[in-house]
Amino acid sequence: MAASSFPLPDTDWDATRAFWAGAERGELVIPRCGGCAAYQWYPAPACKACGGKQFSWTAVSGRGRLFSWAVVRHGFLKPFAKKVPYVTGLVTLEEAPAVRLVTNLVDCEADGLQVDMPVRVVFRPLVFPDTERQVMAPMFTPASEPVAGKERNARDV
Amino acid sequence: MGAYESDWGHASRFEPVGGEIAVVGIGEAEHSKASGRTTHEIAAQAIERAIADAGLEPTDIDGLMYSGGMSEQFDEEAFHAHFGTRHSMFVSKQGGGMAWAGSAPYIAARAIRAGKARHVLNVFSVAWATQRSSMLGGPGAFHAAEPFKFNLELPFGWFPQPVYFATITRRHMHEFGTTPEQLGAIAVACRRHANLTPSAIMRSKTLTLEDYLSRPMLVDPLRVEDCCLISDGGAAYVMSSLERARDLAQPPIVVAGVGEGYSDSGTHWSQQRAFTSTPQVFSAPPAFAMAGLEPKDVDVLTLYDPFTIVALMQIEDMGFCKKGEAGAFVEGRTLHHDGGVLPYNTHGGLLSHAYVLGIAHVVEVVRQLRGQAAAQVPGARVGVYGGYTGHMATTLILRRL
């Protein structure tokens, strides 16, 4: 976590290395328990559902729902000062409604956002004025409503 | 005693200690914006006042509690250095401010019962207004240092606390129909009480609901007026057995009940299963049971209120109204000291009194029950402090003899 990389994530940190590597490939991957198949977020040594300790980072569809969000109008940290106003919030995943990803909402107007609206993942670089590198990250954008009563499918992406 | 566990949190199993000890002395340091003072200087002033208020001497204080997780707190060494004493003391780092301002009396009661101490002092001070050069040097520092937050939240700008609680607020608005006017009612009640309270930092700045609604968003849906101050200040209180308390200078304010609850997701608010609740769900019921009281018996309530939404959620979670109904409950004059159904943060709270992390809330409850408060609730007999520290909530129920 050298100062020059702040506030980028430490993409070498064991607990989340696979998450950032997945984003670099354009995949959203979440640890899934080998014992009970539950998705676990945040990553932890043991499964909260069954206590299992074998996880595989599993690609998910990238479809989800906007759980909640905030429009940040004040630059609390210097690297964000030129980004305000920006929209950050939580997205739940279609495959795992209990998983909430912290993310940014992009390619949309904040005024058009609604709680629980469908969203889909897009991969965008985290870029800050004073950082030398950038990191690809899963962000979200509004998606069309899935077909009612049916399994949501690839058409929505 | 109700459920101790759920799918998102649990309560600590406390032994009954109701009626064993009393708060016998209170003291506040000057609360201010950046003052150049150190936390030790602030703590020493509060402690001197608390000991004098109780009619005790520094050598009588044989128990000391402070927040071990915070830097530069006034510890045993600082106590002896300041007062020139050298007696042995019972020491607990599970005290001080935040949630621990509410649970310290439980630890003190156990220590006093076991004969480890006679007079236990709990102290907390902070100099964040002086120390803050950036949000990383103030209340955000703890969160920025936590690796999951650093790696999975901060890069997206989901930081610091105003962003977390704006997100919680929006979800609460969606689930329960909570409105800006209802959040504003909390801010206005706090400011009105601060305007009456000499020690309040915002004592000379008024705030009407119209003022509140006209203010710009800081982190939409929160305005600056929804957020706590950043202050220098502190307070302390002394606890003794009820038997000894009867011989001291002030009317004893009895510790009737204490509760403590935890969220299993810790300070990872993003992952808390019950996103729009606080661990008061677990803390308050056993505290009321220990006290043999109910929420309807409460004459004055103080809540750890870093943001209006945290007060709103605790009011629901402690049982003062049904879940989701606090918005409608707090509208109008409900929270006001003069005629409100539930007089609340009668000193102004973290929003308008001082951001000294809850220790002054306990002092205010004691003052109310003694009949010595600035915004006095007539005839107040039962007072409650709801403490909150993200992953943890505590409930302290005090009553007049």
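What counts, and where the lines are drawn
Residues numbered from 1 in each chain as written. Chains lettered and ligands numbered in written order. Predicted model: local features only at pLDDT ≥ 70, side-chain atom pairs only at ≥ 80, totals over all residues. Helix = DSSP H or I, 4+ residues; strand = E, 2+ residues; numbered from the N terminus. Rg over C-alpha atoms; globule rule 2.2 N^0.38 Å. Buried ≥ 20, exposed ≤ 12 C-beta atoms within 10 Å, placed from the backbone. Expected span 1.5 Å × (residues − 1). pLDDT = per-residue confidence, 0-100. Contact = placed C-beta atoms within 7 Å. Nonpolar A, V, L, I, M, F, W, Y, C, P; charged D, E, K, R; others polar. Pairing = 2+ DSSP bridges. Axes fitted to C-alpha atoms, helices over the stretch in contact; angles between N-to-C directions. Parallel < 35°, antiparallel > 145°, perpendicular 65-115°, else oblique.

This part takes up the overall build of chain A. When helices and strands are tallied, chain A shows one helix and seven strands. Secondary structure elements of chain A occur, N-terminal to C-terminal, as α-β-β-β-β-β-β-β. The C-alpha radius of gyration computed for chain A amounts to 16 Å, which stays within 12% of the reference 15 Å derived for 157 residues, consistent with globular compactness. Seen along its three principal axes, the alpha-carbon backbone of chain A occupies a region of about 45 × 35 × 25 Å.

Once that is clear, we can look at the overall build of chain B. When helices and strands are tallied, chain B shows 15 helices and twelve strands. For chain B, the C-alpha radius of gyration of 19 Å lies close to 21 Å, the compact-globule estimate for 401 residues. If one aligns the C-alpha atoms of chain B with their principal axes, the spans along those axes are about 55 × 45 × 45 Å. In chain B, which comprises 401 residues, the share counted as buried stands at 62%.

In this section: helix H3 (residues 100-113) of chain B. All names here are of chain B. In this model, H3 (14 residues) spans 19 Å end to end at C-alpha, consistent with the 20 Å of a helix rising 1.5 Å per residue. Of all 14 residues making up H3, twelve are buried, and the element is well covered by its neighbours. Note on H3: the residue one or two positions beyond its end, Gly115, has a positive phi of about 80 degrees.

The subject of this paragraph is the confidence of the model for chain A. Residue-level pLDDT values for chain A average 91, and 90% of them are 70 or greater. In the predicted structure, residues 149-157 of chain A sits below a pLDDT of 50 and forms 13 contacts with residues beyond four places in sequence or in another chain.

What follows concerns the interface of chain B and chain A. At the interface, 26 residues of chain B touch 31 residues of chain A. By residue number, the principal contributor to the side of chain B that touches chain A is helix H7 (residues 161-176) of chain B, which donates six residues. Its residues assigned to classes, the side of chain B that touches chain A shows 15 nonpolar, seven polar and four charged. With two bridges joining them, strand S3 (residues 63-72) of chain A and strand S6 (residues 217-220) of chain B adopt antiparallel strand pairing. What sits directly across from Val71 of chain A, in S6 of chain B, is Asp220 of chain B.

Attention now goes to the packing of helix H8 (residues 180-194) of chain B against helix H12 (residues 308-317) of chain B. Residues and elements named next belong to chain B. Across the interface, H8 lies against H12 with an axial gap of 9 Å and an inter-helix angle of 100 degrees. By the angle between their axes, H8 is roughly perpendicular relative to H12. For the pair formed by H8 and H12, the contact residues are Leu183, Ile186 and Ala187 on the first element and Thr308, Ile309, Ala311 and Leu312 on the second. Class assignment for the residues of the contact of H8 with H12 results in six nonpolar, one polar and no charged.

This part covers the pairing of strand S4 (residues 86-93) of chain A. Residues and elements named next belong to chain A. With respect to burial, S4 is a largely interior element, six of its eight residues being buried. Strand direction decides the pairing type here: S3 and S4, joined by eight bridges, are antiparallel. Residue Val71 lies in a different strand from S4, and its bridge partner there is Val87. The pairing of S4 with strand S5 (residues 100-104) spans five bridges and is antiparallel. By the bridge assignment, Gly89 is partnered in S5 with Thr103. Two successive antiparallel strands, S4 and S5, enclose a turn made up of six residues.

The phi angle of most residues is negative, glycine excepted, and most peptide bonds adopt the trans form. Residue and element names in this part refer to chain A. The peptide bond linking Trp41 to Tyr42 adopts the cis configuration, its omega dihedral lying at 0 degrees. Relative to the assigned elements, Tyr42 resides in the loop between strand S1 (29-33) and strand S2 (55-59). Look at the link from Val84 to Pro85: it is a cis peptide, with omega at -5 degrees. Along the chain, Pro85 turns up in the loop between S3 and S4. Unlike most non-glycine residues, Ala37 shows phi in positive territory, near 70 degrees. Assignment of secondary structure puts Ala37 in the loop between S1 and S2. For Ala37, a count of 13 C-beta atoms within 10 Å gives the class partly exposed.

To continue, consider H8 of chain B. Under the 1.5 Å per step criterion, the end-to-end length of H8 of chain B is 21 Å for 15 residues, consistent within 8% with the ideal 21 Å. Summarising burial for H8 of chain B: 13 of the 15 residues are buried, a large majority.

To continue, consider the environment of Leu126 of chain A. Secondary-structure assignment places Leu126 of chain A in strand S6 (residues 118-126). For Leu126 of chain A, a count of 21 C-beta atoms within 10 Å translates into the label buried. Separated by twelve residues in sequence, Leu126 of chain A and Pro138 of chain A have C-alpha atoms that sit 9.5 Å apart. Beyond its immediate sequence surroundings of up to four residues, Leu126 of chain A is in contact with Leu8, Gln134, Val135 and Ala137 of chain A together with Pro155 of chain B.

Tracing the chain through its elements places Ser263 of chain B in strand S9 (residues 253-263). If we skip the residues at most four places from it in the chain, Ser263 of chain B touches Trp8, Gly9, Gln272, Pro279 and His391 of chain B.

It is worth spelling out the environment of Ser56 of chain A at this point. All names here are of chain A. Considering the arrangement of structural elements, one finds Ser56 in strand S2. Given 12 C-beta atoms within a 10 Å radius, Ser56 is considered exposed. Between the alpha carbons of Ser56 and Leu66 there is a distance of 25 Å; along the sequence they are ten residues apart. Not counting residues up to four positions away in its chain, the partners in contact with Ser56 are Arg32 and Gly34.

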